[in-house]
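Below, each chain spelled out in residue letters.
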Amino acid sequence: QRSKVEAMKADGAEEADVKKQIEVLNDTLTVIPDTRQRLQKYTHELSDFLTKHFEAALDDADEATKTLVMDGRQLLSEISTSLGISLDGASAGAESAEVDTAPETDF
């Protein structure tokens, strides 16, 4: 988005169009941290749920349940890798996964 704003400025786009793109960029940068926080929260909740309800009893579950639990565990693994978190709640390289969230306000 920032490169798009810079390209618009360089191309001499209308000031209103540039301001609108800056507004879109700032909105995006505001939403990302909240979305990341909610994804982390629900990742931990799903992990806790699967551990509590299916850790020991998975052998007794039907095939559909086993498939769903295994799919859930795979998604949790992918999300924790993407976010740089561990499923036990400790941070695993979260510093490297941080997103630049400082809004750019040069109108």
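Colleague: Explain the packing of helix α1 (residues 2–10) against helix α2 (residues 15–54) residue by residue, including any values.
Modeller: Relative to each other, α1 and α2 sit at 170°, their axes nearing to 10 Å. The pairing of α1 with α2 is recorded here as roughly antiparallel in orientation. Along its contact with α1, which presents Arg2, Lys4, Val5, Met8 and Lys9, the element α2 presents Asp17, Val18, Gln21, Ile22, Leu25 and Leu29. Counted by class, the contact of α1 with α2 contains six nonpolar, one polar and four charged residues.

Colleague: Give a description of α2 that names residues and reports values.
Modeller: With 40 residues, α2 should reach 58 Å at 1.5 Å per residue; the first-to-last C-alpha distance of 57 Å fits that figure. Of the residues making up α2, those classed as buried are Val18, Gln21, Ile22, Leu25, Asn26, Leu29, Arg36, Thr43, Ser47, Leu50 and Phe54.

Colleague: Quick one: what's the story with the nonpolar core, residue by residue and with numbers?
Modeller: Counting six residues, the largest nonpolar core is built from Leu50, Phe54, Leu58, Ala61, Val69 and Leu76. Once residues within four sequence positions are removed from consideration, Val69 is found in contact with Leu50, Phe54 and Leu58.

Colleague: Hey, could you go over the packing of α2 against helix α3 (residues 63–83) for me, with residue numbers and the actual values?
Modeller: Two elements in contact, α2 and α3, have axes whose closest approach is 10 Å; the angle formed by their N-to-C orientations is 145°. Where α2 crosses over α3, the handedness of that crossing is left-handed. Residue-level contacts link Arg36, Leu39, Gln40, Thr43, Leu46, Ser47, Leu50 and Phe54 of α2 to Thr65, Val69, Gly72, Arg73, Leu76, Ile79 and Leu83 of α3.

Colleague: Describe the pattern of salt bridges, with residues and values.
Modeller: Counted under the stated rule, the structure contains four salt bridges. Residue Lys41 is joined to Glu45 by a salt bridge in which the shortest nitrogen-to-oxygen separation is 4.0 Å. Linking Lys41 with Glu45, this pair stays in helix α2, spanning four residues, or about one helical turn. Between Lys66 and Glu63 there is a salt bridge; the shortest N-O distance is 3.8 Å. Of this pair, Lys66 and Glu63 both sit in helix α3, three residues apart, roughly one helical turn. On the basis of relative accessible area, Lys66 is assigned to the partly exposed category, the value being 24%.

Colleague: Account for α3, naming residues and giving values.
Modeller: Spanning 21 residues, α3 covers 30 Å between terminal C-alpha atoms, matching the ideal 30 Å at 1.5 Å per step. Among the residues of α3, those classed as buried are Val69, Gly72, Leu76, Ser80 and Leu83. One face of α3 carries all of its buried residues, which in axial projection span an arc of 70°. The exposed residues of α3 that point more than 90 degrees off its buried face are Glu63, Ala64, Thr81 and Ser82. Here α3 starts with a cap whose side-chain oxygen sits 3.1 Å from the backbone nitrogen of Ala64, and that cap is Asp62. Phi for Gly84, located one or two positions after α3, is positive at around 75°.

Colleague: Go over the side chain of Ser80, please, and point to the residues and values.
Modeller: Locating Ser80 in the fold gives a position in helix α3. Owing to a relative accessible area of 10%, Ser80 belongs among the buried residues under this scheme. Among the polar contacts listed, one links the side chain of Ser80 to the backbone oxygen of Ser77, at a separation of 3.0 Å. Setting aside anything within four residues of it in sequence, one finds Ser80 in contact with Ile85 and Leu87.

Reading the values: rules and limits
Residues numbered from 1 in each chain as written. Predicted model: local features only at pLDDT ≥ 70, side-chain atom pairs only at ≥ 80, totals over all residues. Heavy atoms only, no water. Axes fitted to C-alpha atoms, helices over the stretch in contact; angles between N-to-C directions. Helix = DSSP H or I, 4+ residues; strand = E, 2+ residues; numbered from the N terminus. Parallel < 35°, antiparallel > 145°, perpendicular 65-115°, else oblique. Contact = heavy atoms within 4.5 Å. Nonpolar A, V, L, I, M, F, W, Y, C, P; charged D, E, K, R; others polar. Expected span 1.5 Å × (residues − 1). Buried < 20%, exposed > 50% of the residue type's maximum accessible area, 1.4 Å probe, protein only. Core = buried A, V, L, I, M, F, W, Y, C linked by side-chain atoms within 4.5 Å. Left-handed = near helix turned anticlockwise from the far one by under 90°. Salt bridge = Lys/Arg side-chain N within 4 Å of Asp/Glu carboxyl O. Arc of directions from axis to C-beta. Polar contact = N/O pair within 3.5 Å; in protein donor to acceptor, adjacent residues only side chain to side chain.

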